[in-house]
Amino acid sequence: MTNDTREHGFTTAILHGDRESSIEHGAVHKPLHLSVAYGYRDAADLIAVFQGRASGYAYGRQGNPTTAALEAKVTAMEQGVATVCFSTGMAAIGAIMLSLLKGGDHVVSSAYVFGNTNSLLGTLADHGTPVTFVDATSAENVERALTPRTRLVFVETIANPRTQVADLVRIGALCRERGLVYVVDNTMTSPWLFRPATVDASLVVNALTKYIGGHGNALGGAVTDTGRYDWTRYPNIAENYKSQKPAMWGITQLRKKGLRDFGATLGAEPAHHIAVGAETLALRMDRQCANAQALAEFLVAHPKVRAVHYPGLAPHPQHGLAKALFRAPGALFSFELADGCDVLAVLNRLRTVVLSSNLGDNRTLAIPVAQTIYWEMGPARRAEMGIADSLVRVSVGIEDRDDLIADFAQALATA
Ligand SMILES: *Cc1c(COP(=O)(O)O)cnc(C)c1O
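Residues numbered from 1 in each chain as written. Predicted model: local features only at pLDDT ≥ 70, side-chain atom pairs only at ≥ 80, totals over all residues. Heavy atoms only, no water.

A. A look at the side chain of T83. Along the chain, T83 turns up in strand 1 (residues 82–86). Exposure remark for T83: the relative accessible area of 3% places this residue in the buried category. For T83, the side chain forms a polar contact with the side chain of T224, separated by 2.8 Å. Sequence-distant contacts of T83, defined by excluding residues within four places in its chain, comprise E71, V74, T75, A222, V223, T224, I251 and R255. (Helix = DSSP H or I, 4+ residues; strand = E, 2+ residues; numbered from the N terminus. Buried < 20%, exposed > 50% of the residue type's maximum accessible area, 1.4 Å probe, protein only. Polar contact = N/O pair within 3.5 Å; in protein donor to acceptor, adjacent residues only side chain to side chain. Contact = heavy atoms within 4.5 Å.)

Structure below.
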């Protein structure tokens, strides 16, 4: 696949985008704009901005120039038509649900989604928008769950922690045929490994906190409209957002009802950190994926390891699909220890690897899944989702490969 943005290669576009779109004092980075208020000399200009007839800023909750520069970068990376940034990835997902669905609508979601997304969709159901969770590794399961009230299908590219890959191409074709909004959370792959527009996704979610920011020093989220969905087919667009061309209807409603009214705005400072991190996304991810492949291969051959779940290994059920769709099979895997091995003792012996719940950091992070991020779900749902008590999730960083292998080797030696 090619990830080149329309005019430049992927990394060139990120590095030079700010400078080419508007030079402020020749600065190569978009400066931090911290103003909450924006003043106008002519009331007509203020009115034009409020009415969406002119571009500009009105109030910091609805965006600022620093965040807008990051939005332009994410749009370029995803080759979409427009992006709205939020204060976190969860805020981005919440805003989609809040702004585009109405009570009585129905959602079909992959059962293998980020834990907090799963919880959020439960809240949505409590508010009158039922959600059916399906095994999205097969489009037939999605199709069977559709009802006349289904409006939206939600999947992740590679699920965490068990690394199931959604049946992305066939679900895209199904959504297109039925006029459904197809939301793909691209966090685990990032636009460097995969562009969901290529499988007809309508909206792409990126938790900027993870690989795009990459340094574990800023939270952020983004929704990009790929331009693939025909919003004239969508019944929930408010009349006042239809004054623009149809390609902008969905993202406009998201910016107004999802960002402005919900208020989970990405501030200029985290936007700056994320934009700087994004400059090295391609370099970091290539190294992280290579490290993940090496570490997964080391662990799968280790006698104290029962299973390794990583799409880069041939026995993985979606190995072929991952190979066909993604530049690399990601930088996250999980593994289960052999019976009788004490998972917490192994984790406590790790020296380089950090015990942490984040992912996509430059540092390698490991966490026991059942006891932490999947604890709230309870044992029945964990069993349903294939989460063994000894399951460890590893988000692989950019350390030197041999240091990572040596760290796991010594931690497992006495297991
Ligand atoms: C982390 C994550 C999110 C949420 O992002 P936050 O910035 O932590 O709110 C959403 N989806 C996936 C796949 C994630 O890994």
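B. Highlighting the environment of L34. Of note, L34 is situated in the loop between helix 1 (10–21) and helix 2 (43–50). In sequence terms L34 and A268 are 234 residues apart; their C-alpha atoms lie 6.3 Å from each other. Not counting residues within four places of it along the chain, the set of residues in contact with L34 comprises A268 and E269.

C. Up close: the site of the ligand. Taken together, the neighbourhood of the ligand is formed by T88, G89, M90, I93, F114, E156, D185, T187, A207, T209, K210 and G220. D185 places a side-chain nitrogen or oxygen 2.7 Å from a nitrogen atom of the ligand. In this structure, an oxygen atom belonging to the ligand sits 2.6 Å away from a side-chain N or O atom of T209. With the chains in place, 93% of the 380 Å² that the ligand exposes on its own is no longer accessible. With three residues, the top contributor of residues to the shell around the ligand is helix 4 (residues 89–100). (Near = heavy atom within 4 Å. Areas by Shrake-Rupley, 256 points an atom, 1.4 Å probe, with all protein chains shown as cover.)

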